[in-house]
Amino acid sequence: MTTMKSEKSKFPSSTTMIVLAVLLLVVVLTCVPYLVTIAFAQGEADASPIFGVTVPEGYKQWELIAPAEEAAPLDELRAVVGNSAAIDAYQGGKLPFPDGTILVKRAWKRKQSPEFASATIPGEATTVQVMVKDSRKYASTGGWGFGRFVNGKPVDEAQHRTCFACHEARVKSRDYVFTRLAP
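One numbering rule holds for all chains: residues counted from 1, following each sequence as written. Given that this is a predicted model, residues contribute local features only at a pLDDT of at least 70 and side-chain atom pairs are listed and counted only at 80 or more, while totals for whole chains, interfaces and linings are drawn from all residues. Only hydrogens and water are set aside; all other atoms, that is, all heavy atoms of the structure, feed into the side-chain values.

**Some words on the side chain of Asp175**
Next, step 1: Position of Asp175 relative to the elements: it lies in the segment after α4 (157–171).
Next, step 2: Looking at Asp175, its side chain comes within polar contact range of the side chain of Lys133, at 2.7 Å.
Next, step 3: Contacts: residue pairs with any heavy atoms within 4.5 Å of one another. Leaving out residues up to four positions away in the same chain, Asp175 has contacts with Leu95, Pro96, Phe97, Lys133, Gly142 and Trp144. Each helix is a run of DSSP H or I of at least 4 residues and each strand a run of E of at least 2, with the numbering of both proceeding from the N terminus. In protein, a polar contact means a hydrogen-donor-capable atom and an acceptor-capable atom, both N or O and within 3.5 Å, with residues adjacent in sequence counting only if both atoms are side-chain atoms; elsewhere, any N or O pair within 3.5 Å suffices.

Here it is, written out as structure tokens:
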């Protein structure tokens, strides 16, 4: 019996365990909503309106799909890069693009090279534009979510409302994508 008594004293009573469990539950229920709100607020700050698209990490190291030049009034040099799903789809000639495809268009003001008069070089960065393929999430916009960012911040909702209409009017037959793979 003395052994049993000493064994019993090593563990808290069931009442103590219940009180601790209730306290833990109160702490969790009090803190978790606050932490979730903070996490969503931080994520939404850099997400595009309507679509919730963000600038993907590491996109500057992605493979080039094609360069482009935009005439006046934008007067920009552009480069479209893609994640591995995009590159595989382009190289395999797959349309529609598979879910998970991400295309990023980087743009700079066009500038004359100071070293070579006939050369054009990138000047100041203007925008980063992102297309994300998720056929369920973006079913109403051809399976694509859009994001346009200036200095890392998304532009307003009105500008994002124009994205799909432009792609739908001009390149619906190419799964809403303008860019062709550079040879």
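There is more to say, and it comes next.
**Remarks on the layout of surface pockets**
Next, step 1: A cavity here means a set of points on a 1 Å grid, drawn over the protein atoms and nothing else, where a 1.4 Å probe fits but cannot get out; a pocket is an open set with protein on both sides within 12 Å along at least five of seven lines, and a residue lines either one if it has an atom within 4 Å of a point. Grid points are joined across faces, edges and corners, and a volume is the space filled by probe spheres set on the points. Approximately 690 Å³ is the volume attributed to the largest pocket.
Next, step 2: Lining of the largest pocket is provided by 28 residues; of these, Arg78, Lys105, Gln129, His167 and Phe178 occupy positions nearest its centre.
Next, step 3: Among the secondary structure elements, those contributing two or more residues to the lining of the largest pocket are β1 (63–70), β2 (76–82), β3 (102–112), β4 (120–133), β5 (144–150) and α4.
Next, step 4: For the lining of the largest pocket, the element with the most residues is α4, which contributes seven residues.
Next, step 5: Looking at the second largest pocket, its volume works out to about 190 Å³.
Next, step 6: Tyr59, Ala125, Thr127, Val128 and Gly152 are the residues nearest the centre of the second largest pocket, which is lined by 14 residues in total.
Next, step 7: For the lining of the second largest pocket, the secondary structure elements donating two or more residues are β3, β4 and β5.
Next, step 8: Considering each element in turn, the lining of the second largest pocket owes the most residues, four residues, to β4.
Next, step 9: For the lining of the second largest pocket, the class distribution of residues is eight nonpolar, four polar and two charged. Throughout, the ten residues Ala, Val, Leu, Ile, Met, Phe, Trp, Tyr, Cys and Pro are labelled nonpolar, Asp, Glu, Lys and Arg are labelled charged, and all others, Gly among them, are labelled polar.

**Observations concerning the pairing of β2**
A regular strand carries its side chains on alternate faces of the sheet.
Next, step 1: The buried fraction of β2 amounts to seven of the seven residues, a majority that puts the element mostly inside the structure.
Next, step 2: Think of it in three bands: with a 1.4 Å probe and only protein chains considered, a residue is buried below 20% of the maximum accessible area for its type, exposed above 50%, and partly exposed in between. Of the two faces of β2, both are covered, the one formed by Glu76, Arg78, Val80 and Gly82 as well as the one formed by Leu77, Ala79 and Val81.
Next, step 3: Linkage of β1 to β2, two consecutive antiparallel strands, is achieved through a turn of five residues, within which Asp75 is found at a positive phi near 55 degrees.
Next, step 4: We call two strands paired when DSSP finds no fewer than two bridges between them. Pairing geometry for β2 and β3, over seven bridges, is antiparallel.

These figures capture arrangement, not role.
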